[in-house]
Amino acid sequence: MKNIVVFASGFGSNFQAIIDSVKHGRLQANIVGLICDNPKAYAIERARINYIPIALFERKNFLIKEEMDEAILNQCRQWQADWLILAGYMRLLSPEVIHAYPHHIVNIHPSLLPKYRGLDAVGQALDKNEKIYGITIHYVDEGMDSGEIICQVPFEPDVLDRDHIERRLHQLEHQTYPAIIQKLLLEERV
Ligand code: GAR
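For the structure given in this document, a descriptive report is provided here. (Residues numbered from 1 in each chain as written. Predicted model: local features only at pLDDT ≥ 70, side-chain atom pairs only at ≥ 80, totals over all residues. Heavy atoms only, no water.)

1. Description of the pattern of salt bridges
Inference 1: Summed over the entire model, instances satisfying the criterion amount to nine salt bridges.
Inference 2: A salt bridge links Arg162 to Glu166, with the nearest nitrogen and oxygen atoms 3.3 Å apart. Here Arg162 and its partner Glu166 are both found in helix H6 (residues 162-189), four residues apart, which amounts to about one turn of the helix.
Inference 3: On the basis of relative accessibility, which here comes to 28%, the residue Glu166 falls in the partly exposed class.
Inference 4: Lys183 is the salt-bridge partner of Glu187, the closest N and O atoms lying 3.1 Å from each other. Of this pair, Glu187 and Lys183 both sit in helix H6, separated by four residues, roughly a single helical turn.
Inference 5: Through salt bridges with shared partners, a single ionic network connects Asp120, Arg162 and Glu166. (Salt bridge = Lys/Arg side-chain N within 4 Å of Asp/Glu carboxyl O. Helix = DSSP H or I, 4+ residues; strand = E, 2+ residues; numbered from the N terminus. Buried < 20%, exposed > 50% of the residue type's maximum accessible area, 1.4 Å probe, protein only.)

Pasting the structure below:
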C-alpha cells in the first residue's frame, strides 16, 4: 500500500474526508502523517483523534522559507511518503520539494482553474458575478494553483449565495478528492 502525507493549514474537512475514505476502504492507502503550518488548525485535532502522526512547521521558526521546506521534505522522507496530498495547505512549496516528488503532489482548489487562483476563490468569483462554480484537482508545480489539471467538477448554483456555494463546493470536494487519489494510486500500480 502507498504512503500518503496530507498537508493542511486549517479546518481540515478534506483531510477528514480522506481519513473516512481510508477507514471505509474506499481509499487504499496509509496516511503516514499530517504536515501543518498552523498550530491553531483544527486539522491537528483530527489527526490526534485518528492517531495520525503530526509534524508542525511554523514559518516563524525558520529564517527562510527554503529552510522550512527542507525540514518538511526531510519529514516526508522519514515517513517514506509516496504521495503528498495538499488539502487546504495555504503555502507554496519550494522547487526542492516539487522536484523531489515529480507528479506525486496533488492539490484541491475551489474554482474551475485557471480562473480564481489563490486565496478566497469563491469571493473572487462572486466579485466577478461568476455563474459557474466548481472544484479542481491538479498536480502541483512551482506556481500558485497552476499545475496540470487532473479533474474538474463544475456546478451552477440556483442563487449566488456564498454559504450555499461554499457548502456545495465542500461536498463536491469531499466526494471527489478521495476518489481521485484512489484512482491515481491504482494507476501507479499498473
Ligand atoms: C478547500 O476548499 C480547498 O479547496 C481550499 O481550502 C479549503 C480547505 O478546507 N484550498 C485552496 O484554496 C488552495 N488554494 P478544509 O480545511 O476544510 O479542507
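2. Some words on the packing of aromatic side chains
A ring pair, where both rings are aromatic, is described by two values, the distance of the centres and the angle of the planes.
Inference 1: A complete count under the given rule lists three aromatic pairs for this structure.
Inference 2: Between Phe7 and Tyr89 the ring centres are 5.2 Å apart and the planes differ by 85°, which places this aromatic pair in the edge-to-face class. Within this pair, whereas Phe7 is found in strand E1 (residues 2-8), its partner Tyr89 is found in the loop between strand E4 (83-86) and helix H4 (95-100), the two being separated by 82 residues in sequence.
Inference 3: What makes Tyr89 buried here is its relative accessible area of 6%.
Inference 4: Stacked on the ring of Phe11, the Lys or Arg Arg46 has its end atom at 4.5 Å from the ring centre. (Phe/Tyr/Trp six-rings, centres within 6.5 Å; stacked < 30°, edge-to-face > 60°. Lys NZ or Arg CZ within 6 Å of the ring centre and 35° of its normal.)

3. Here we look at the environment of Asp37
Inference 1: By secondary structure assignment, the location of Asp37 is in the loop between strand E2 (29-36) and helix H2 (42-49).
Inference 2: For the pair Asp37 and Glu96, spaced 59 residues apart in the sequence, the C-alpha separation amounts to 18 Å.
Inference 3: Those residues in contact with Asp37 that lie beyond four places of it in its chain are Ala8, Ser9, Leu56, Phe57, Glu58, Met68, Tyr89 and Arg91.
Inference 4: Reaching out from Asp37, the side chain makes a polar contact with the side chain of Ser9 at a distance of 2.8 Å.
Inference 5: At a separation of 2.8 Å, a polar atom in the side chain of Asp37 contacts the side chain of Arg91. (Contact = heavy atoms within 4.5 Å. Polar contact = N/O pair within 3.5 Å; in protein donor to acceptor, adjacent residues only side chain to side chain.)

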